[in-house]
Amino acid sequence: RTLAMSSAPSGPPAENGILNSAPVRFVRLVSEISLAAIVAAYAIIICTQVFYRYALNSSLVWSEEVVRFALLWGVMIGAGVATDRLAHIALDPLANTITSPRGRYLHAFVIGILTIIFCVVVIYASWGYISRLWNITSPAAHIPMRYVFAALPVGCGLMIFFTIVHLIAGPPKHPHDPASEHLS
């Protein structure tokens, strides 16, 4: 197993089919479309800002702020998408040493539970932060900061969702198993 998974598993669906169930496909689709729209939006805003600055000798006061906030949303939704695709970087010296299916399942289960615990802690802390920023708006774009920092619980919620889905589906096949060509 390498440090990161390169893409979503392309092999056969899990025996219980949860990876290809309608609710999971819906959340996956909404996440990926949202991520693509956010990246496209901040690319357009940056190009527009460059045009205004150098062609019109003017400036969009709100552009840098909106791009910064969109970047936060992009990172957090992207973290959920990466969780679904098993694409997070992992420094895991045990991955290649565990050969039994039961050991791989236990290993994946422990990592999944630790991921969920981390995300729950981040969600809890972010709700406290959001509540303190409830009535504050950003200086240039006047965006309520509660919407900006809502990216934290949304992204961690996606990570929890996809972690649970993959825990139910079971761990991916071992890299030395011929039936696991979908691993890089």
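Refer to the structure printed above.
Everything in this summary refers to the structure shown in the same document. (Residues numbered from 1 in each chain as written. Predicted model: local features only at pLDDT ≥ 70, side-chain atom pairs only at ≥ 80, totals over all residues. Heavy atoms only, no water.)

Digging into the packing of aromatic side chains
Argument step 1. Taken as a whole and assessed by the stated rule, the structure comprises four aromatic pairs.
Argument step 2. Residues Tyr105 and Phe109 carry aromatic rings whose centres are separated by 6.2 Å and whose planes lie at 25 degrees to one another, so their mutual orientation is stacked. Of this pair, Tyr105 and Phe109 are both found in helix α3 (residues 101-132), four residues apart, which corresponds to roughly one turn of the helix.
Argument step 3. Plain terms: the ring middles of Phe161 and Phe162 are 5.1 Å apart, the flat faces sit at 75 degrees to each other, and that makes the pair edge-to-face. (Phe/Tyr/Trp six-rings, centres within 6.5 Å; stacked < 30°, edge-to-face > 60°. Helix = DSSP H or I, 4+ residues; strand = E, 2+ residues; numbered from the N terminus.)

Structural notes on α3
Argument step 1. Across its 32 residues, α3 extends 47 Å between first and last C-alpha, which sits within 8% of the 46 Å expected from 1.5 Å per residue.
Argument step 2. Listing the buried residues of α3 in full gives Arg104, His107, Gly112, Ile116, Cys119, Ile123, Ser126 and Ile130.
Argument step 3. Against the buried residues of α3 lie α4 (145-149) and α5 (151-169). (Expected span 1.5 Å × (residues − 1). Buried < 20%, exposed > 50% of the residue type's maximum accessible area, 1.4 Å probe, protein only. Contact = heavy atoms within 4.5 Å.)

Regarding helix α2 (residues 63-84)
Argument step 1. In this model, α2 (22 residues) spans 31 Å end to end at C-alpha, consistent with the 32 Å of a helix rising 1.5 Å per residue.
Argument step 2. Within two residues after α2, Leu86 carries a phi angle of roughly 55 degrees, on the positive side.

Concerning the side chain of Gln49
Argument step 1. Within the element layout of this structure, Gln49 appears in helix α1 (residues 22-54).
Argument step 2. With a relative accessible area of 13%, Gln49 lands in the buried category.
Argument step 3. If near-sequence neighbours (up to four positions away) are discounted, Gln49 is found in contact with Ser59, Leu60 and Ser63.

A few points about the environment of Ala95
Argument step 1. For Ala95, the position within the fold is in the loop between α2 and α3.
Argument step 2. Sequence separation between Ala95 and Ala108 is 13 residues, and the spatial gap between their C-alpha atoms is 9.4 Å.

Observations regarding the environment of Ala108
Argument step 1. Tracing the chain through its elements places Ala108 in helix α3.
Argument step 2. For Ala108, a relative accessible area of 23% gives the class partly exposed.

Regarding the pattern of salt bridges
Argument step 1. Scanning all chains against the criterion turns up three salt bridges.
Argument step 2. Here Glu32 ties to Arg85 by a salt bridge, and the two come within 3.1 Å at their closest N and O atoms. On the criterion of sequence distance, the pair formed by Glu32 in helix α1 and Arg85 in the loop between α2 and α3 is long-range, its members being 53 residues apart.
Argument step 3. With relative accessibility at 28%, the residue Glu32 sits in the partly exposed group.
Argument step 4. Its salt-bridge partner being Arg68, residue Glu64 comes within 3.4 Å of it at the nearest N-O pair. Of this pair, Glu64 and Arg68 both sit in helix α2, separated by four residues, roughly a single helical turn.
Argument step 5. Judged by relative accessible area, Glu64 falls into the exposed class, the value being 58%. (Salt bridge = Lys/Arg side-chain N within 4 Å of Asp/Glu carboxyl O.)

Digging into the nonpolar core
Argument step 1. Counting residues in hydrophobic clusters, the biggest one holds 16 residues, and the most contacted among them are Ile18, Val24, Ile38, Tyr42, Ile77 and Val165.
Argument step 2. If we ignore the near neighbours within four places in the chain, the residues touching Tyr42 are Val67, Ala70 and Leu71.
Argument step 3. Counting 10 residues, the second-largest nonpolar core is a separate cluster that includes Ala79, Ile116, Cys119 and Ala151. (Core = buried A, V, L, I, M, F, W, Y, C linked by side-chain atoms within 4.5 Å.)

Here we look at the packing of α3 against α5
Argument step 1. At a minimum axis distance of 9 Å, the contact between α3 and α5 shows a crossing angle of 160 degrees. By the angle between their directions, the pair α3 and α5 is classed as roughly antiparallel. Like other packed secondary-structure pairs, α3 and α5 cross with a definite hand, here left-handed. (Axes fitted to C-alpha atoms, helices over the stretch in contact; angles between N-to-C directions. Parallel < 35°, antiparallel > 145°, perpendicular 65-115°, else oblique. Left-handed = near helix turned anticlockwise from the far one by under 90°.)

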